[in-house]
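Examination of the molecular architecture
Here's the letter readout for the chains.
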Amino acid sequence: RSIWYYVNVWVIFIALITGRSDNAYLSLAAAFTFIPIYAFRTRQGIRRYVVLLATFLTSLKVIEWIATTYADRVYRIDSLYNSLVSFSKLILLIKVLWIIAIILYLIDFISKKADATVSPWFSRIWIGLIVIGFAAFLYVLYDVNIVGNADKYGSAKSFLLFNDSWGTHRGVIWRLAIEDYQDFTPIHKLFGYGPDTFGLVTYYHNMDIMTNVYHQIFDSAHNEYLQYLVTVGLAGLAAYLALLATSVCKMVRSAGKRPYVMAIAFAIICYAAQAAVNISVPIVTPV
């Protein structure tokens, strides 16, 4: 069964990469960032996390080989994937991770402690690394967008610098939506103008810009939380966030030794991450 799960995971990794959407990388980043908090409680969890990470990075190189070998027969991938595969130490990192994974499996097989628990400090140290990493990320955003040192970050500049053209014009959509919300009456700030009215509201307030500058109507914020803020107001957004937060908290508390419950919790976390730059997906959201 584990082998079957692993095959599915590999297929999913390749599908996410070849989907050519940067939104997928937000979900992957959320998964690889937060799974260790749960997984690093057992030796099996640590082993499998290393394998997962090595598998994803290997998928990048496999796709790069296919894209190079069959360049005249496959679509060109032009997303964040290009920045990842161009990392000069990627092959070395992949080799190191697979070696670590093999060593961990051998040690646990010989010692007969494959499912043993480990010190809680593994998870605590990882949480500390998350906090440090998040603080560093905020500093980089400050350095790029406030101080103006965008050029020193090379190709990452296009992802870090927030302007009107950021994210296929998500920057201008978000800016206009926030400006429109600030002009709402108090009752509309609280309850919005109703579900799926984003296009009507933004077009009414920004008709000239959409018609003469961008020649298109922005009928979605491409940010689920901003979308809810404009359409169902602060009350609706607060209710939605409370639903997500309380659901995940209850799952974490009640999961115990039922990993499928934690899988659902991580699915929600991953969805919530990509929702920051994506529209609500009707078939996925209720599930």
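Quantities reported herein were computed from a predicted structural model and do not represent experimental measurements.

Some points on the overall build of the protein chain
Per the secondary structure count, the protein chain includes 13 helices and 0 strands. Helices and strands appear in the protein chain in the N-to-C order α-α-α-α-α-α-α-α-α-α-α-α-α. Here the protein chain, with 287 residues, has 33% of them falling under the buried criterion. Across the protein chain, the fraction of contacts at a sequence separation of at least 24, relative to all contacts at a separation of at least 6, is 67%.

Considering the packing of aromatic side chains
The tally for this structure, following the rule as stated, stands at 17 aromatic pairs. Ring geometry for Tyr 49 and Trp 126: centres 6.0 Å apart, planes at 75°, overall edge-to-face. Of this pair, Tyr 49 sits in helix 3 (residues 43-69) while Trp 126 sits in helix 6 (residues 121-147), and the two are 77 residues apart along the sequence. Taking relative accessible area as the criterion, Trp 126 reaches 22% and is therefore assigned partly exposed. Residues Trp 65 and Tyr 70 carry aromatic rings whose centres are separated by 6.1 Å and whose planes lie at 90° to one another, so their mutual orientation is edge-to-face. Residue Trp 65 is classed as exposed on the basis of its relative accessible area of 53%. What makes Tyr 70 partly exposed here is its relative accessible area of 34%. An aromatic cluster is defined as three or more aromatic residues linked by ring pairs; in this entry it consists of Phe 13, Phe 32, Phe 40, Tyr 49, Phe 56 and Trp 126.

Regarding unusual backbone geometry
Phi is positive for His 169, close to 70°, though the residue is something other than glycine. Along the polypeptide, His 169 turns up in helix 8 (residues 166-182).

What about the pattern of salt bridges?
When the charged atoms of two side chains with opposite charge come close together, those side chains can pair. Throughout the structure, instances matching the rule amount to 7 salt bridges. For Glu 64, the salt bridge goes to Lys 61, with nearest N and O atoms at 2.4 Å. Placement of both Glu 64 and Lys 61 in helix 3 is noted, with a separation of 3 residues, approximately one turn of the helix. Under the relative-accessibility criterion, Glu 64 is labelled partly exposed at 24%. Among the ionic pairs, Asp 164 bridges to Arg 175, the shortest N-O distance being 3.0 Å. Of the two residues, Asp 164 is situated in the loop between helix 7 (157-160) and helix 8 and Arg 175 in helix 8; the sequence distance between them amounts to 11 residues. Given a relative accessible area of 32%, Arg 175 falls into the partly exposed group.

What about the environment of Ser 79?
Mapped onto the elements, Ser 79 comes out in the loop between helix 3 and helix 4 (81-85). Linking Ser 79 and Ala 221, residues 142 residues apart in sequence, is a C-alpha distance of 20 Å. Residues in contact with Ser 79, not counting those within four places in the same chain, are Arg 20, Ser 21, Asp 22 and Tyr 25.

Structural notes on the nonpolar core
Residues Phe 218, Leu 226 and Val 230 are the most contacted members of the largest nonpolar core, which totals 25 residues. Elements with a contribution of two residues or more to this core: helix 8, helix 10 (198-205), helix 11 (207-214) and helix 12 (224-255). Of the residues forming this core, the biggest block, 8 residues, is contributed by helix 12. Residues within four places of Leu 226 in sequence aside, it is in contact with Trp 174, Ala 177, Ile 178 and Ala 221.

Topic: helix 6
Here helix 6 spans 37 Å end to end across 27 residues, near enough to the 39 Å set by a 1.5 Å rise per residue. Within helix 6 the residues assigned to the buried category are Ser 123, Ile 130, Val 140, Leu 141, Asp 143 and Val 144. Looking at the buried side of helix 6, the elements it contacts are helix 2 (23-39) and helix 7. Phi turns positive one or two residues past the end of helix 6, at Gly 148, with a value near 95°.

Observations regarding the confidence of the model for the protein chain
Of all residues in the protein chain, 99% have pLDDT values of 70 or greater, and the mean over the chain is 90. Of all the helices and strands in the protein chain, helix 11 carries the lowest mean pLDDT, 80, while helix 9 (residues 186-191) carries the highest, 96.

What to know about the environment of Tyr 240
Tracing the backbone shows Tyr 240 in helix 12. Placed 12 residues apart in sequence, Tyr 240 and Tyr 228 show a C-alpha to C-alpha distance of 8.5 Å. When residues no more than four places from it in sequence are discounted, the contact partners of Tyr 240 are Glu 224, Tyr 225, Tyr 228, Tyr 271 and Thr 285.

Focus: the packing of helix 8 against helix 12
Between helix 8 and helix 12, the shortest axis-to-axis distance is 10 Å and the interhelical angle comes to 20°. The orientation of helix 8 relative to helix 12 falls into the category roughly parallel. Here the hand of the crossing between helix 8 and helix 12 comes out left-handed. Each of Trp 174, Ala 177, Ile 178 and Tyr 181 in helix 8 lies in contact with helix 12, whose residues at this interface are Leu 226, Leu 229, Val 230 and Leu 234.

How each quantity is defined
Residues numbered from 1 in each chain as written. Predicted model: local features only at pLDDT ≥ 70, side-chain atom pairs only at ≥ 80, totals over all residues. Heavy atoms only, no water. Helix = DSSP H or I, 4+ residues; strand = E, 2+ residues; numbered from the N terminus. Buried < 20%, exposed > 50% of the residue type's maximum accessible area, 1.4 Å probe, protein only. Contact = heavy atoms within 4.5 Å. Phe/Tyr/Trp six-rings, centres within 6.5 Å; stacked < 30°, edge-to-face > 60°. Salt bridge = Lys/Arg side-chain N within 4 Å of Asp/Glu carboxyl O. Core = buried A, V, L, I, M, F, W, Y, C linked by side-chain atoms within 4.5 Å. Expected span 1.5 Å × (residues − 1). pLDDT = per-residue confidence, 0-100. Axes fitted to C-alpha atoms, helices over the stretch in contact; angles between N-to-C directions. Parallel < 35°, antiparallel > 145°, perpendicular 65-115°, else oblique. Left-handed = near helix turned anticlockwise from the far one by under 90°.

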